[in-house]
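Residue-level structural notes
Each chain, letter by letter, is given below.
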Amino acid sequence: MLADQQFLRIPGPSPIPPSVQLAMGKPMIGHRDQQAKSLIKQLSPKLKPIFGTEEDVIILTASGTAALEMAVVNTVAPGDEVLVLVTGAFGDRFVKICQAYGIKVHRLDTPWGEAINPQLVEAYIKQNPSLKGVFATYCETSTGVLNPVKELAAVVQQFSNALFIVDGVSCIGAVPVKMDAWGIDILVTGSQKAFMLPAGLAFVAASKRAWNRMESNSTPRFYLDLLRYRNSMQNDTTPFTPALSLLFGLEQVLRLFETEGMENVFTRHKLMMQMIREAFKAHHIELLTPEDAASPTVTAVKPTDFQVEALRQTLKKEFQLTIAGGQQQLKNQIFRIGHMGYCSPADVLQTISVIEVALVRIGKQLELGKGVEAAQRIYLS
Ligand SMILES: *Cc1c(COP(=O)(O)O)cnc(C)c1O
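This structure is a prediction, so every number in the text was calculated from the model and none was measured.

So, on to the pairing of strand E8 (residues 163-167). Here E8 lies mainly inside the structure; five of its five residues are buried. Alternating residues of E8 divide into Leu163, Ile165 and Asp167 and Phe164 and Val166, and every residue in both groups is buried. Direction of pairing for E8 relative to strand E9 (residues 186-190): parallel, over a ladder of three bridges. Bridge pairing in E9 links aspartate 167 to valine 188.

Set out below in C-alpha cells:
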C-alpha cells in the first residue's frame, strides 16, 4: 500500500484538486493590503450565480456550523417561535442551535431516509401563524436525502411571514439552487464539501427581507453579526482576519467551476449518483433513500447481510479508502459514500470496484464486477 495515497469518499471533507492545493500554498499577504481587497472584491460576485442570488454572498472564516448559528442569531430572538424541518442529524443540529439561544422550537420530523412533504409543512404553518422562521436542510448528509427546497420555499412564502432558512452545506456547488427566484431568505454552505476546499470557510447569502429583519433583531452577537460582514464587504474587506490561504484556494475553485460550467458540474454529480445507485441495485443491496429523494452528493446504503463496520475497516486497511458510517439512530445500519466536489465518474468506478473486493473479503457472496458493469452501463447511456 502506498503510504501517502488516500481515497476520501466521505461526505466532507472532500478531496482537494491539485491546482487548488497549490494555490493555497502561495505566500501570505497582509489582510488589509490592496492585494487582499482585490481578491475579496472579485470572489463575491462569482459566488452569486452559484447561490442563484443578486445579493451579496458573505464569506466567513469558520466551519459550516458557524454559518448555521449565524443564520439563527441574526434572524430570530430568544422567545421567538420557529419551525425546524428535521430529516436527520443536521436538521437536529438546527434544533439544538435554536434551543441554545432560548428560541421556542417546533419540530416537524420526517422519517430518516425520506424527504420532507411540503403539504405537511403547509398544514403546519397554517396552524402556527406566529412562526418567525422555518429552517430546512437541502441535502441531509446523514441520510443522503435532497429535500424539495423549491417547493418548501413556495409554501413558506405563500402561507407565512416566516423567513425560510436553508442549510445547503453538503450540496451547494453540486446542485442547482435559485435563491431569489425560489424565495429562500438565508442560504448557507461550507468550504469542505462541494466547494473542494479544506474546512474553514462558510458562505452566507440573505434576501432583502432577511437583511431587514436582521437590522431590528436584538439577539446578542459579535463574531457572527452578519451586518458587520456586509458593512466590511462594501469596502472589499472582512471585519476580522480571513483565512487567506483558503481564499487563494477559492479563487482557483471558482476558476475550475467556470471552466467546467456549472450545468456540467450538476450533471456530473447526478450521473455519479445514478452510477452508484445502479451498482448497489445490481447486487440487490438496499439503498436507504428512494430515487426521487436521492441527493447527487451522497448515497446511503442499508445492507442487511453484512456488517457495515467490517466493510469500512476493510476498505480503510486494504485500500486507504474511507467511507462514512451512519450517525445517531442509523449508526451501524448504513454506510455513506460521498461523491461530491473533486470526484468524477472514473473515481466512482474505482470506488465500486474496490467495494466489491472488500465485500468478498468480509464474506459476502457476490458476483464480482456486476456493480461496476451496471455503473459503466449508466455512464455509457
Ligand atoms: C457538514 C455539514 C454541516 C457543517 O458541519 P461543520 O463540521 O461545522 O463544517 C452542516 N450541515 C450539513 C448538512 C453538513 O453536511
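On to the pattern of salt bridges. Following the criterion strictly, the structure yields 22 salt bridges and no others. Two residues, glutamate 122 and lysine 126, come together in a salt bridge whose shortest N-O distance is 2.8 Å. One end of the pair, glutamate 122, and the other, lysine 126, are both in helix H5 (residues 118-127), four residues apart, so they sit about a helical turn from each other. Residue class for lysine 126 comes out partly exposed when judged on its relative accessible area of 46%. Of the charged contacts, one joins arginine 209 and aspartate 185 as a salt bridge, the two residues approaching to 2.9 Å between their closest N and O atoms. Placement of arginine 209 in helix H8 (residues 208-216) and of aspartate 185 in the loop between helix H7 (179-182) and E9 is noted, with a sequence separation of 24 residues between them.

For the rest of this paragraph, the subject is the environment of glycine 326. With respect to the helices and strands, glycine 326 occurs in the loop between strand E12 (321-325) and strand E13 (335-338). The sequence separation of glycine 326 and threonine 141 amounts to 185 residues, and the corresponding C-alpha distance is 10.0 Å. Those residues in contact with glycine 326 that sit more than four places away from it in its chain are Lys331, Ile334 and Arg336.

What follows is about the site of the ligand. Lining the immediate surroundings of the ligand are 13 residues, of which Ser63, Thr65, Thr141, Asp167 and Lys193 lie closest. In this structure, an oxygen atom belonging to the ligand sits 2.4 Å away from a side-chain N or O atom of threonine 65. Glutamine 192 places a side-chain nitrogen or oxygen 2.7 Å from an oxygen atom of the ligand. In the complex, 87% of the free accessible area of the ligand, which totals 380 Å², lies under the protein chains. Going through the elements one at a time, helix H3 (64-75) and helix H4 (89-100) are the ones with two or more residues in the shell around the ligand. Among the residues forming the shell around the ligand, the class breakdown is three nonpolar, seven polar and three charged.

So, how was this worked out
Residues numbered from 1 in each chain as written. Predicted model: local features only at pLDDT ≥ 70, side-chain atom pairs only at ≥ 80, totals over all residues. Heavy atoms only, no water. Buried < 20%, exposed > 50% of the residue type's maximum accessible area, 1.4 Å probe, protein only. Helix = DSSP H or I, 4+ residues; strand = E, 2+ residues; numbered from the N terminus. Pairing = 2+ DSSP bridges. Salt bridge = Lys/Arg side-chain N within 4 Å of Asp/Glu carboxyl O. Contact = heavy atoms within 4.5 Å. Near = heavy atom within 4 Å. Polar contact = N/O pair within 3.5 Å; in protein donor to acceptor, adjacent residues only side chain to side chain. Areas by Shrake-Rupley, 256 points an atom, 1.4 Å probe, with all protein chains shown as cover. Nonpolar A, V, L, I, M, F, W, Y, C, P; charged D, E, K, R; others polar.

Any functional reading would require information beyond the geometric quantities listed.
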